[in-house]
Amino acid sequence: MPNVKLFNYLHLHFIVFVWGFTAILGELISIEALPLVWYRMLIASGFIYIYICFKKIRLIISRRLFFVLFFAGIVIALHWITFFAAIKVSNISITLAMLSTGAFFTSILEPVFYKRKIVWYEVLFGLMVITGLYIIFKVEGNYLTGIVYALCSAFLSSVFSLINGKVAQKYNPSMISFYELLSGVGVVTIYLFGMTIFGDTTEGFTVSFFKLSTSDWGLIAILASICTAYAFIGSVQVMKYLSPYTVMLTTNLEPVYGILLAFLIFGETEKMNPQFYYGAIIILCTVVLNGIFKNAKKRKRQATLSNITK
């Protein structure tokens with residue numbers, strides 16, 4: 001059993017590394033954020049459908065659940081569009097540092113979604129995140145548009161995780177992901193068709209939309225298969241053997257892996273002012289501390305319940 005846990009722990013680190021590599025692919029792929037997300041969601045939903053057929057997973061759902069997953073699909077599509085847009089107008093380091101604020105947004109939205117009180121340390125950590133953001137804004141003001149896009153992406157990511165946190169407790173994760181990806185690509189397709197009808201030459205299904213270079217096709221295939229379909233299925237698998245706390249803390253290494261990879265691959269273009277890293281470290285430390293506090297609170301509650309039942 002220890003070997004199984006070790007294998008799945010290492011597997012989780014590899015998956016988080018893959019997620020960090022997503023930002024690298026976003027920089028390397030030459031097309032804009034909107035068509036990039038359309039291709040990613042379309043191809044990834046195809047891969048997951050093949051997996052669903054192989055595993056013989058039922059796809060029949062209620063109308064109410066469909067609308068929930070449809071909304072979640074729109075949210076995840078907007079999250080990815082703003083994520084890749086942030087990379088295109090700024091760089092990977094800025095985008096991933098801002099994406100770390102997702103935990104902060106979740107701590108604000110969670111009491112609303114789950115109807116609970118805000119606890120004191122969430123307010124404290126919120127102030128710490130704001131401090132980290134202030135430092136980054138102060139020294140990297142020329143990346144303002146990218147910072148705003150990335151913060152929007154982080155907010156949308158937290159909304160998506162809270163929606164999935166509710167439905168994933170009751171339904172198959174692969175089925176959920178399939179409907180969400182399909183809904184997202186469906187809405188983006190309708191938007192692109194609308195732009196085509198109204199004669200928009202910058203967006204829509206133009207001839208250039210489907211004229212991708214060989215390298216772009218290859219990178220999109222990697223993004224859709226390994227970084228989306230495989231990473232999702234793998235993350236669900238490791239959750240059977242690792243605690244949610246371990247998964248959450250390890251997942252928070254995504255910006256670290258991504259920023260290090262970006263610096264190694266792109267060099268000077270990803271080198272930031274030292275104060276940027278101070279701000280990013282404050283945000284990352286806040287995320288880790290938030291996880292530690294939440295885990296301690298959860299263990300204390302479980303211990304109290306255990307004592308009551310004895």
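Preceding block: the structure.
Residues numbered from 1 in each chain as written. Predicted model: local features only at pLDDT ≥ 70, side-chain atom pairs only at ≥ 80, totals over all residues. Heavy atoms only, no water.

## Details of a positive patch on the surface
Argument step 1. A contiguous patch of positive charge on the surface is contributed by Arg64, Lys115, Lys166 and Lys170.
Argument step 2. Residue placement: Lys166 occurs in helix α7 (residues 144–167). (Patch = residues over 30% accessible without salt bridge, like charges linked within 9 Å, V, L, I, M, F, W, Y side chains within 5 Å. Areas by Shrake-Rupley, 256 points an atom, 1.4 Å probe, with all protein chains shown as cover. Salt bridge = Lys/Arg side-chain N within 4 Å of Asp/Glu carboxyl O. Lys, Arg positive; Asp, Glu negative; His and termini not counted. Charge placed at Lys NZ, Arg CZ, Asp CG, Glu CD. Helix = DSSP H or I, 4+ residues; strand = E, 2+ residues; numbered from the N terminus.)

## Some thoughts on the packing of aromatic side chains
Argument step 1. The final tally for this structure, using the stated rule, is 18 aromatic pairs.
Argument step 2. Summarising the aromatic geometry, the rings of Tyr39 and Trp217 are spaced 5.3 Å apart at their centres and angled 80° between planes, so their arrangement reads as edge-to-face. With Tyr39 in helix α2 (residues 33–55) and Trp217 in helix α9 (residues 214–238), the pair connects residues that are 178 residues apart, well separated along the chain.
Argument step 3. Seen from their ring centres, Phe83 and Phe84 are 5.1 Å apart, and the 70° between their planes marks the pair as edge-to-face. Grouping residues by exposure puts Phe83 and Phe84 together as buried.
Argument step 4. Ring pairing ties together the aromatic residues Trp38, Tyr39, Phe193, Phe205, Phe209, Phe210 and Trp217, which thus form one cluster. (Phe/Tyr/Trp six-rings, centres within 6.5 Å; stacked < 30°, edge-to-face > 60°. Buried < 20%, exposed > 50% of the residue type's maximum accessible area, 1.4 Å probe, protein only.)

## Thoughts on the side chain of His79
Argument step 1. Among the secondary structure elements, His79 is positioned in helix α3 (residues 63–89).
Argument step 2. Exposure remark for His79: the relative accessible area of 8% places this residue in the buried category.
Argument step 3. A polar contact is formed between the side chain of His79 and the side chain of Ser153, at a distance of 2.8 Å.
Argument step 4. Residues within four places of His79 in sequence aside, it is in contact with Leu99, Ser153, Leu156 and Ser157. (Polar contact = N/O pair within 3.5 Å; in protein donor to acceptor, adjacent residues only side chain to side chain. Contact = heavy atoms within 4.5 Å.)

## A few points about the packing of α2 against α3
Two quantities define a packed helix pair, namely the angle between the axes and the distance from one axis to the other.
Argument step 1. Two elements in contact, α2 and α3, have axes separated by 9 Å at closest approach and are oriented at 135°. In terms of their interaxial angle, α2 and α3 are classed as oblique. Like other packed secondary-structure pairs, α2 and α3 cross with a definite hand, here right-handed. Note on element contacts: α3 touches α2 through Gly73, Ile76, Ala77, Trp80, Ile81, Phe84 and Ala85, opposite Ala33, Leu34, Leu36, Val37, Arg40 and Met41.
Argument step 2. Within the contact of α2 with α3, the residues separate by chemical class into 11 nonpolar, one polar and one charged. (Axes fitted to C-alpha atoms, helices over the stretch in contact; angles between N-to-C directions. Parallel < 35°, antiparallel > 145°, perpendicular 65-115°, else oblique. Left-handed = near helix turned anticlockwise from the far one by under 90°. Nonpolar A, V, L, I, M, F, W, Y, C, P; charged D, E, K, R; others polar.)

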